[in-house]
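Given next are the chains, with one letter for each unit.
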Amino acid sequence: MFVLIASVIAGAAAAQSVDRQFQTWLTNDLWPEAQRRGISPATFKAAFAGVTPNLKLPDLILPGESKPRGSAQHQAEFRAPAAYFQHIGGVVSGGRARAGRLDGVLGAIERRYGVSRGILLAIWGRESGFGSARIPYDAFEVLGTKAFLATRKEMFRQEVLAALEMVEKRGVGPRAMRSSWAGAMGQPQFMPTSYLKYAVDGDGDGRADIWNSEADTLASIANYLVQHGWVKGRDWGFEVTVPDSVSCALEGPDRGRRIADWQALGIRRIGGKAFPAHELRGEGFLMMPAGRYGPAFIVTPNFYRLKDYNESDLYALFVGHAGDRIMYGNAEFAGAWQRVSGFDRADVAALQRGLERLGHDVGGADGLAGFKTRRSIGAWQEKNGGRATCFPEIDTMNNLR
C-alpha cells in the first residue's frame, strides 16, 4: 500500500515538473515567435488559459526519457486490406441520406470547384461521420503538448503557431477549436496550417466554420482537393482485371501510361464496361493494394489528390469507392480480398530491410506495405523464378530475412 501511494505521489510530482517546464517554454520560447508573427498578448493568453500538457497523448518523449511511449505499435498485427473496408456501408448510407437534403449546397460546390458530390460526401463521412463523431480534445492542449514534447516538435510548433493565427486573424474562438489527439480539427479534420490555406466560407456568412457548418465543411474539402491539383472532369479510377501477362510490379504513380495503353496490354474494366472515351486519352496508373490477393484498379491523377488528403492507398480507395456507391449505387468490389495474415508489422519491416539489402527501394522499412514495397516484392519474386504476387507472404519473408 505504501509503495502504491509513493508511486502516485511521484507521478504527480513528475507531472507538476513537466507543467512548470511547459509554462516556462510557453513564456520564453513560443511567445517571442508568436509575437513576431503578429499574435497579441491577449490572444496568446486566451489560447493557453488553463492549458497543461496532456501526458496521455501518444508519441511524446518526456523529460529524462530517450524514446516515445507507445512505440510498441510497430509490433502491431499486420492487417490485410479487407479490414479497412468493413464499415464502408455506414459512409455510403449516410452519404445517400444527406445527398438529397444538401442538393443545393452540393450543386453550388460542384459548379465552383468541379469535385463530385460523391467524393465530398465520402470524405466528410470518413473523416468525422458527417459531423457526428466525437472530437474530444482542446486543440491548444494537443498542439501545445506536442510542440513541447512530441517526436516531431517542429511540425507541431508550426501547427500551434497557425492555430494562434486562426484566433488572431480569422476570429476563431480558442475554446471552440476542438481536435483529435493528433490536432486535426473539425468535420473535415484539418490541421491548423490546412485551415489557413484551404478553409472557405460555403454558406455566405463570412466565416469558415468547419466545426458547425455543413456548407463550410464541404466547400473546404473541395477547395483542398482543387488546390492540390484535382482535375475537373476526370474520375478517380476504375476496378479492372489484370491478366497474368501484366506484371503487378508495374504498379505506382511513377509508372503511368495512357489508359488506352493499359487496355492494349489486356487490362479490362470489370463487368464488361468500357472505359469512358475521354479517359482513354488520359494518364492512368496500376494500383493493386493487395497485390494478386485482392481487387486491382487503374487510377487517375485524382486518386493521388485523395492521397494528399490522407497519405494512404486504402484511404483514397475507400473514398473513391464510397463516392461511387453514393452516386451510382455500385455494388461491392468485384475482386475478392483474400486473407493474408499470420505476421506483424515487425515481420514486414524485416522483409523490407531484406529487400533494401538487395538494392530495392521499398519506401522505408516501416512495416507498411505501400506500393514501393509491393512492387519490390513482385520484382524479387519474378527475378527468382516465382509467380509475382506483390504482397507480403510468410515464405517470402523467410527467404528475405
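Here, every reference points to the structure presented above.
Residues numbered from 1 in each chain as written. Predicted model: local features only at pLDDT ≥ 70, side-chain atom pairs only at ≥ 80, totals over all residues. Heavy atoms only, no water.

Section: the overall build of the chain
Spelled out, the test is: Helix numbering and strand numbering both begin at the N terminus, where a helix is a DSSP run of H or I of at least 4 residues and a strand a DSSP run of E of at least 2. Here the globule rule reads 2.2 Å times residues to the power 0.38, and the radius of gyration is calculated from C-alpha atoms. Three labels apply to residues, based on accessible area from a 1.4 Å probe with only protein chains included: buried if under 20% of the type maximum, exposed if over 50%, partly exposed otherwise in between. Only heavy atoms enter the contact rule, under which two residues are in contact if any of them lie within 4.5 Å. Surface accessibility follows the Shrake-Rupley procedure with a 1.4 Å probe radius. Residue values consider only the protein chains on display as shielding.
In terms of helices and strands, the chain carries 16 helices and seven strands. For a compact globule of 401 residues, the expected C-alpha radius of gyration is about 21 Å, and the chain comes in at 24 Å, within 12% of that figure. By its C-alpha atoms, the chain is 65 × 55 × 40 Å across when sized along the principal axes. Residues classed as buried in the chain amount to 50% of the 401 residues present. Once local pairs closer than 6 in sequence are excluded, the contacts in the chain between residues at least 24 apart make up 68%. Accessible surface computed for the chain: about 18400 Å², of which carbon and sulfur atoms make up 51%.

Side note on helix H3 (residues 88-101)
Formally: The span you would expect from a helix comes to 1.5 Å times its residue count less one.
In this model, H3 (14 residues) spans 21 Å end to end at C-alpha, consistent with the 20 Å of a helix rising 1.5 Å per residue. Considered for burial, the residues of H3 that qualify are Ile88, Val91, Val92, Gly94, Gly95 and Ala99. Buried residues in H3 make contact with helix H4 (103-113), helix H5 (117-128) and helix H13 (313-328).

A word on unusual backbone geometry
Even without glycine at this site, Asp59 takes up a positive phi of about 65 degrees. Of note in this structure, Cys390 is not a glycine but carries a positive phi near 60 degrees. Positionally, Cys390 belongs in the loop between helix H15 (371-383) and helix H16 (394-400).

Quick notes on the sheet that holds strand E6 (residues 283-287)
In plain terms, the rule: Criterion used throughout: strands pair if DSSP finds at least two bridges between them. Axis lines are fitted to C-alpha atoms, over the contacting stretch for helices. Their N-to-C directions set the angle, which ranges from 0 to 180 degrees.
What the five strands build is an open sheet, ordered E4-E6-E7-E3-E5; its pairing is antiparallel. Edge positions in the sheet fall to strand E4 (257-258) and strand E5 (268-269), since each has one partner strand and no second. Two elements, strand E3 (residues 237-241) and E5, share two bridges in a ladder whose sense is antiparallel. Across the sheet, residue Thr241 finds its bridge partner in E5, namely Arg268. Together, E6 and strand E7 (296-299) form the strand contacts of helix H12 (residues 301-309), whose direction differs from that of E6 by roughly 60 degrees.

So, the state of the cysteines
Using the following cut-off: In this description, the term disulfide denotes a pair of cysteine sulfurs within 2.5 Å.
Applying the stated criterion across every chain, the model contains one disulfide. Disulfide pairing is shown between Cys248 and Cys390; the S-S distance is 2.1 Å. Taking the torsion about the S-S bond as the criterion, the Cys248 to Cys390 disulfide, at about 85 degrees, is right-handed. Placement of the pair is Cys248 in the loop between E3 and E4 and Cys390 in the loop between H15 and H16, with a sequence separation of 142 residues. When its relative accessible area of 1% is taken as the criterion, Cys248 is described as buried.

As for the pattern of salt bridges
Spelled out, the test is: Salt bridge, as used here, is a side-chain nitrogen of Lys or Arg placed within 4 Å of a carboxyl oxygen of Asp or Glu.
In this structure the tally under the stated criterion is 21 salt bridges. Glu214 is paired through a salt bridge with Arg101; the nearest N and O atoms lie 3.0 Å apart. A residue pair is termed long-range when its members are at least 10 positions apart, and Glu214 in helix H9 (residues 214-227) and Arg101 in helix H3 qualify at 113 residues. When its relative accessible area of 25% is taken as the criterion, Glu214 is described as partly exposed. You can call Arg101 exposed: its relative accessible area is 52%. Among the salt bridges present, the one from Glu311 reaches Lys307, with a minimum N-O distance of 3.4 Å.

Regarding the nonpolar core
The test is simple: Grouping buried Ala, Val, Leu, Ile, Met, Phe, Trp, Tyr and Cys residues that are joined through side-chain atoms within 4.5 Å yields what is termed a nonpolar core.
Counting 85 residues, the largest nonpolar core has Phe48, Phe140, Met177 and Leu225 as its most contacted members. With eight residues, the single largest contributor to this core is H13. Other than its neighbours up to four places away in sequence, Met177 contacts Tyr137, Asp138, Ala139, Phe140, Ala163, Met166, Val167, Val172, Met185 and Trp211.

So, the layout of surface pockets
Basically, it comes down to this: The definitions used throughout rest on a 1 Å grid laid over the protein atoms alone, on which a cavity is an enclosed set of points accommodating a 1.4 Å probe that cannot get out and a pocket is an open set flanked by protein within 12 Å on both sides along at least five of seven lines; lining residues are those having an atom within 4 Å of a point. Grid points are joined across faces, edges and corners, and a volume is the space filled by probe spheres set on the points. Classes in brief: Ala, Val, Leu, Ile, Met, Phe, Trp, Tyr, Cys and Pro nonpolar; Asp, Glu, Lys and Arg charged; the others, Gly included, polar.
By volume, the second largest pocket is sized at about 890 Å³. Taken together, 33 residues make up the lining of the second largest pocket; nearest its centre are Ser312, Asp313, Leu314, Leu368 and Ala369. If you list the elements that add at least two residues to the lining of the second largest pocket, you get H13, helix H14 (345-357) and H15. Per-element tally for the lining of the second largest pocket: the top contributor is H15, with four residues. Of the residues that constitute the lining of the second largest pocket, the class distribution is 15 nonpolar, eight polar and ten charged.

So yeah, pure geometry; function would need other evidence.
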